Amino acid sequence: MATMTAARTVPGGETGRRTSRAGRVLAIVAIVTALVIAGHGLVPDVRGLGSLVDTAAPWLGLAIPVLALGALIARSKLAAVAIVLPLVVWLVAFGSAWLQSGGGSPDLRVANQNVDADNANPAATMRSVAETHADVVGLEEVTASSAPVIASTLGNAYPYHVQESTVQLWSRYPISDFSGVDLGLSWTRALRAQVATPKGAVTVYVVHLASARAGQTATRDSTMDALVDRIRTDSSPRIVLLGDLNTASTDRVLTPLAHLLRDTQPAAGRGLGFTWPSAFPLTRPDHIMTRGLTATQSSVVDTSGSDHRAIISGLRL
């Protein structure tokens, strides 16, 4: 008579092992994400890799809800605990940007707009800029075709203006001591001028640094070095720098300039103030930076026509 042996199955045995492996993988990914967020500035800047990681760093926070969903599906306590680490690191690194700062009445309102060389309707863009009621406006990527349109749109509100190549400065107040600023490009696309505000003179720079693309940041970096050298040797007590620096706020390349001038967005804005591309901003290459003035307000304005949004800041002299 044959003996029948019943096979016993362990409930959830193989499934439990798969769940455990998934939890460990999720925990490792969470730890790596936290390390990259915290130490993005330590990634070697080989062919612009470090600069690219710096720029993307705020967006690494999007991994956190994805990891949380994975932990929920895997029913992994280990993964759920590990996810707390990148969350805390992200909040420490970027969360303070949403805390209210600044305040008070400004003595001077300044704005900056990259017009976009391919802008099909620069008049609409300039009308949006004029509606900010800024006292001083910096413009980049002004072309031979857009310049007359800009002049006809801004001329009445801003009787004073100067231009150097593709950058312009428009002001309600008199401009003097105007000169181009050579940053080592084949053409000069930066300027420096004195603006006589009712509360005293302010040195204003309008700057458009070289473009930066993945693996191609050397020219941008050299123009940034030249700008830092120029600002370092400028003895003006009050400086406002307006421009498209083609450098994100989180990019290490901006650090030397940030040691000389204070960016108005972290000083008086709310959020990271992304400006490009205008349809769905992913980064902030546009900046207003100051020395000898106090930022009271900083915001982003969605202007039509350009691929950049405008930025505006209130300053107290």
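Reading guide: rules and limits
Residues numbered from 1 in each chain as written. Predicted model: local features only at pLDDT ≥ 70, side-chain atom pairs only at ≥ 80, totals over all residues. Heavy atoms only, no water. Helix = DSSP H or I, 4+ residues; strand = E, 2+ residues; numbered from the N terminus. Rg over C-alpha atoms; globule rule 2.2 N^0.38 Å. Buried < 20%, exposed > 50% of the residue type's maximum accessible area, 1.4 Å probe, protein only. Contact = heavy atoms within 4.5 Å. Patch = residues over 30% accessible without salt bridge, like charges linked within 9 Å, V, L, I, M, F, W, Y side chains within 5 Å. Areas by Shrake-Rupley, 256 points an atom, 1.4 Å probe, with all protein chains shown as cover. Salt bridge = Lys/Arg side-chain N within 4 Å of Asp/Glu carboxyl O. Phe/Tyr/Trp six-rings, centres within 6.5 Å; stacked < 30°, edge-to-face > 60°. Lys NZ or Arg CZ within 6 Å of the ring centre and 35° of its normal.

Asker: Before we move on, could you go through the overall build of the protein chain and cite the residues and values that matter?
Answerer: What the protein chain contains, in helices and strands, is ten helices and twelve strands. Its C-alpha atoms give the protein chain a radius of gyration of 25 Å, clearly above 20 Å, the size a compact globule of 317 residues would have. With the C-alpha coordinates aligned to their principal axes, the bounding extent of the protein chain is approximately 110 × 35 × 35 Å. Expressed as a percentage of the 317 residues in the protein chain, the buried residues total 47%. Taking all contacts inside the protein chain whose residues are at least 6 apart in sequence as the whole, residues at least 24 apart take part in 67%.

Asker: Can you lay out a nonpolar patch on the surface for me, pointing to particular residues and giving the numbers?
Answerer: Judged by side-chain polarity, Ile-28, Val-32 and Val-36 come together as a nonpolar surface patch covering roughly 230 Å² of accessible area. Along the chain, Val-36 turns up in helix 1 (residues 13-39). Assessed through its relative accessible area of 31%, Val-36 is described here as partly exposed.

Asker: I'd like a rundown of the pattern of salt bridges, residues and numbers included.
Answerer: Summed over the entire model, instances satisfying the criterion amount to eight salt bridges. Here Arg-172 and Asp-135 are joined by a salt bridge, their closest N and O atoms 3.5 Å apart. Linking Arg-172 in the loop between strand 4 (167-171) and strand 5 (175-180) with Asp-135 in the loop between helix 6 (122-130) and strand 2 (136-140), this pair joins segments that are 37 residues apart in sequence. The residue Arg-232 makes a salt bridge to Asp-229 at a minimum N-O spacing of 3.2 Å. Separated by three residues within a single helix, Arg-232 and Asp-229 lie in helix 8 (residues 218-232), roughly one turn from each other. Of the residues examined, Asp-229 reaches a relative accessible area of 44% and is grouped as partly exposed. In the salt-bridge network here, residues are joined through shared partners; they are Arg-220, Asp-221 and Asp-251.

Asker: Tell me about the packing of aromatic side chains, and please be specific about residues and values.
Answerer: Under the counting rule described, the total for this entry stands at four aromatic pairs. Between Trp-59 and Phe-280 the ring centres are 6.4 Å apart and the planes differ by 35°, which places this aromatic pair in the tilted class. In this pair, Trp-59 sits in the loop between helix 2 (49-56) and helix 3 (63-74) while Phe-280 sits in the loop between helix 10 (264-268) and strand 10 (286-291), placing the two residues 221 residues apart along the sequence. The class for Phe-280 is exposed, based on a relative accessible area of 54%. The rings of Trp-59, Phe-274 and Phe-280 are connected pair by pair, giving a single aromatic cluster. Over the face of the ring belonging to Tyr-158 we find Arg-172, whose NZ or CZ atom lies 4.7 Å from the ring centre.

Bear in mind that shape data such as this cannot, by itself, settle questions of function.
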